[in-house]
Amino acid sequence: MLENINNDYSISLDEEIENRIKTMEQQDYKFAQKFAKNDYILLIIVVIVCLVGVIGGAFIK
């Protein structure tokens, strides 16, 4: 029974992947915008804040 459920899921997953590939291959499909300079700056700030929080949390008793 479990094998049958996994097989049904695999078939459903394969169909969904094929549908998404077809959608992305269409001429009028709009891809997401590339990261700008501000996006990278924000990413670095978030990483630094998280690292400070993790390191600072190690010293809290």
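Our structure's up above, just so we're on the same page.
Computed from a predicted model, the values in this text were never measured in an experiment. Note that residues are indexed from 1 along each chain, following the sequence as it is written. Only residues with pLDDT of at least 70 get local features here, since the model is predicted, and only at 80 or more are side-chain atom pairs given and counted; chain-wide, interface and lining totals rely on the full set of residues. In computing side-chain properties, one takes all heavy atoms of the structure into account and sets aside hydrogens as well as water.

A. Broad picture of the overall build of the protein. Put simply, DSSP H or I for four residues or longer makes a helix, DSSP E for two residues or longer makes a strand, and each gets a number counted from the N terminus. Assigned secondary structure in the protein consists of two helices and zero strands. Computed over C-alpha atoms, the radius of gyration of the protein comes to 22 Å, more than 25% over the 10 Å expected from 2.2 N^0.38 for 61 residues, which places it beyond the range of a compact globule. Over its C-alpha atoms, taken along the principal directions, the protein stretches across nearly 50 × 40 × 5 Å. We call a residue buried when its accessible area falls under 20% of the maximum for its residue type, exposed when it is over 50%, and partly exposed in between, using a 1.4 Å probe and counting protein chains only. The 61 residues of the protein split such that 0% are buried. Counting every atom, the protein has about 6,400 Å² of accessible surface; 63% of that belongs to carbon and sulfur. For the protein, the centre of its 6 positive side-chain charges and the centre of its 9 negative side-chain charges are spaced 19 Å apart. The size measure is the radius of gyration over C-alpha atoms, and the globule rule it meets is 2.2 Å times the number of residues to the 0.38 power. Only the protein chains shown count as cover for residues, with accessible areas throughout obtained via the Shrake-Rupley method and a probe of 1.4 Å. Lys and Arg are tallied as positive, Asp and Glu as negative. Neither His nor the chain termini are counted. Charge coordinates come from a single atom per side chain, which is NZ of Lys, CZ of Arg, CG of Asp or CD of Glu.

B. Seen up close, the packing of aromatic side chains. Working definition: a ring pair exists when centres of Phe, Tyr or Trp rings (six-membered ring for Trp) sit within 6.5 Å. Plane angles under 30 degrees give stacked, over 60 give edge-to-face, the rest tilted. Enumeration over the complete set of coordinates arrives at two aromatic pairs. Ring geometry for Tyr29 against Phe31: centres 4.9 Å apart, planes inclined by 85°, an arrangement best described as edge-to-face. Note on Tyr29: relative accessible area 32%, which makes it partly exposed.

C. Layout of a negative patch on the surface. A cluster of acidic side chains, namely Asp14, Glu15, Glu18 and Glu25, defines a negative patch on the protein surface. Its place among the elements puts Glu25 in the loop between helix 1 (2–24) and helix 2 (37–58). Owing to a relative accessible area of 63%, Glu25 belongs among the exposed residues under this scheme. Without a salt bridge and with relative accessible area above 30%, a residue can belong to a patch; like charges are then joined within 9 Å and nonpolar side chains (Val, Leu, Ile, Met, Phe, Trp, Tyr) within 5 Å. Think of a salt bridge as a Lys or Arg side-chain nitrogen and an Asp or Glu carboxyl oxygen that are within 4 Å of each other.

D. Inspection of the environment of Leu51 at higher detail. Structurally, Leu51 is set in helix 2. What makes Leu51 partly exposed here is its relative accessible area of 49%. Separated by 33 residues in the primary sequence, Leu51 and Glu18 place their C-alpha atoms 40 Å from one another.

E. Inspection of a nonpolar patch on the surface at higher detail. A surface patch of nonpolar side chains, about 770 Å² in accessible area, is lined by Phe35, Tyr40, Leu43, Val47, Leu51, Ile55 and Phe59. Within the secondary structure, Phe59 is located in the segment after helix 2. Exposure remark for Phe59: the relative accessible area of 66% places this residue in the exposed category.

Interpretation in functional terms is not warranted from these geometric data alone.
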